[in-house]
Every structure is written in structure tokens, then in C-alpha cells.
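Descriptive analysis of the structure
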Amino acid sequence: MAEINEAYRVLSDPSRRAVYDASLRRSPAEPSTAPEPADEGYSPPTSRPADLQPARIPWRMLTVVGVIAIVGIVVLAQFTEPGEPDGPDGIMRVGDCVEIELDNDAREVACTGDVSIDLVVRAFVPFEGRCPGVTRPHRDRQGMGIACVEVAASTGSG
């Protein structure tokens, strides 16, 4: 095992390897004149093989493509019209229209301008909290807390 360790120590160090290779090229009758390098422990090779060079990244091209993409998004945003708002998604937020069910739970519905009165969520409070102002407490249908609902007159013609 000691011989294997010595062979690894010599072959892994470039200077020791050069001395070893030079000793192999001499004839066996020639005395060894090359000095033995000092033992300073293992040091990794200082040069990298050609196949381990770091990858080159085309930064200029990536920057140009990124700028073009950003300009394209900004231009498209200027010329597109906003779509219709999505319908109720089942998650109540402040400002959503609701209807009150028979069990006093509030359920999100689409806001309509046709009715004379809309019920609108103005705040959310925990179950033990109190609703502010003239709002009425109704339990969130998903059990997340209390929706403070205000009766707001709609702006539709009536």
C-alpha cells in the first residue's frame, strides 16, 4: 500500500512526474543526477486541460434578445384592450359582490349593474372580531372568517 501511495504522490505532482519520466529515459547504467523535489505535500495542477475550459456564454446576444423581448411586451401592452373581468372564483376579496344564503353565509357572485342594490364586501375580520361601521357580519362560505358586507346602491339606471 505504501508503494501505491508513493506512486500516486509522484504521478499526481507535475514536477515529480517530470523527474520520474526523465529517470525512465536515461539508461540504467547512468547514475541519477536529477535532484529529488522537496516534499511539500500534494498541490493540484496549475493548468487546466483544454477539454475542461469554462463554457463561453454569448452575453451580447442574450442582452439583445432580452431587450427586444421587453420592448415587444411593452408595445403589445399598449395596443391590447383589457378583457372582461373574470367571473367569481370562489375566493372573496374586499370589493367583491356577494349574496347572502339561507344559513347567513356570504357567497361571491358577479356584480351586476341591473339590480338596484348590490351587497359588497368592505372588510374581513376574524371570527371573534367585529365589523366596522354600518357593515353587517356574514360568515365566509369557505370558513376563512367574517365578511363585513355593506349594502351599496348601484350606479345603474333605475
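The preceding data block contains the structure.
Remember, it's a predicted structure, so these values are computed and weren't measured experimentally.

What follows deals with the overall build of the protein. When helices and strands are counted, the protein shows three helices and five strands. Along the chain direction, N to C, the helices and strands of the protein fall in the order α-α-α-β-β-β-β-β. Burial analysis of the protein (158 residues in total) assigns 17% to the buried set. Considering only residue pairs separated by 6 or more positions, the protein has 41% of its internal contacts joining residues 24 or more positions apart. Of the roughly 12800 Å² of accessible surface on the protein, a fraction of 60% belongs to carbon and sulfur atoms.

By definition, a disulfide links the sulfur atoms of two cysteine residues through a covalent bond. Here the structure, examined in full by the defined rule, presents one disulfide. Bridging Cys-131 to Cys-148, the disulfide has an S-S length of 2.1 Å. Here the disulfide of Cys-131 and Cys-148 is left-handed, its torsion about the S-S bond being about -85°. With Cys-131 in the loop between β3 (117-125) and β4 (136-140) and Cys-148 in strand β5 (residues 146-153), the pair connects residues that are 17 residues apart, well separated along the chain.

Okay, the pairing of strand β1 (residues 97-100) next. Regular strands show a simple pattern: their side chains alternate between the two faces of the sheet. Pairing analysis gives four bridges linking β1 to strand β2 (residues 105-109), with the strands arranged antiparallel. Residue pairing in the sheet places Glu-99 in a bridge with Arg-107 of β2.

Going through the model one piece at a time under the given rule, you end up with seven salt bridges. For Arg-107, the salt bridge goes to Glu-99, with nearest N and O atoms at 1.9 Å. A residue is classified by how much of its surface remains accessible, and Arg-107, at 27% relative accessible area, is partly exposed. Between Glu-101 and Arg-107 there is a salt bridge; the shortest N-O distance is 3.1 Å. Residue class for Glu-101 comes out partly exposed when judged on its relative accessible area of 23%. One continuous salt-bridge network, built from bridges that share partners, spans Glu-99, Glu-101 and Arg-107.

Quick look at the nonpolar core now. Membership of the largest hydrophobic core is limited to six residues, which are Met-92, Val-98, Ala-106, Val-121, Ala-147 and Val-149. Not counting residues within four places of it along the chain, the set of residues in contact with Ala-106 comprises Met-92, Val-98, Glu-99, Ile-100, His-138, Arg-139, Asp-140, Arg-141 and Ala-147.

With phi around 75°, Asn-104 is a residue other than glycine that occupies positive phi space. In this fold, Asn-104 is placed in the loop between β1 and β2.

Conventions we followed
- Residues numbered from 1 in each chain as written.
- Predicted model: local features only at pLDDT ≥ 70, side-chain atom pairs only at ≥ 80, totals over all residues.
- Heavy atoms only, no water.
- Helix = DSSP H or I, 4+ residues; strand = E, 2+ residues; numbered from the N terminus.
- Buried < 20%, exposed > 50% of the residue type's maximum accessible area, 1.4 Å probe, protein only.
- Contact = heavy atoms within 4.5 Å.
- Areas by Shrake-Rupley, 256 points an atom, 1.4 Å probe, with all protein chains shown as cover.
- Disulfide = S-S within 2.5 Å.
- Pairing = 2+ DSSP bridges.
- Salt bridge = Lys/Arg side-chain N within 4 Å of Asp/Glu carboxyl O.
- Core = buried A, V, L, I, M, F, W, Y, C linked by side-chain atoms within 4.5 Å.

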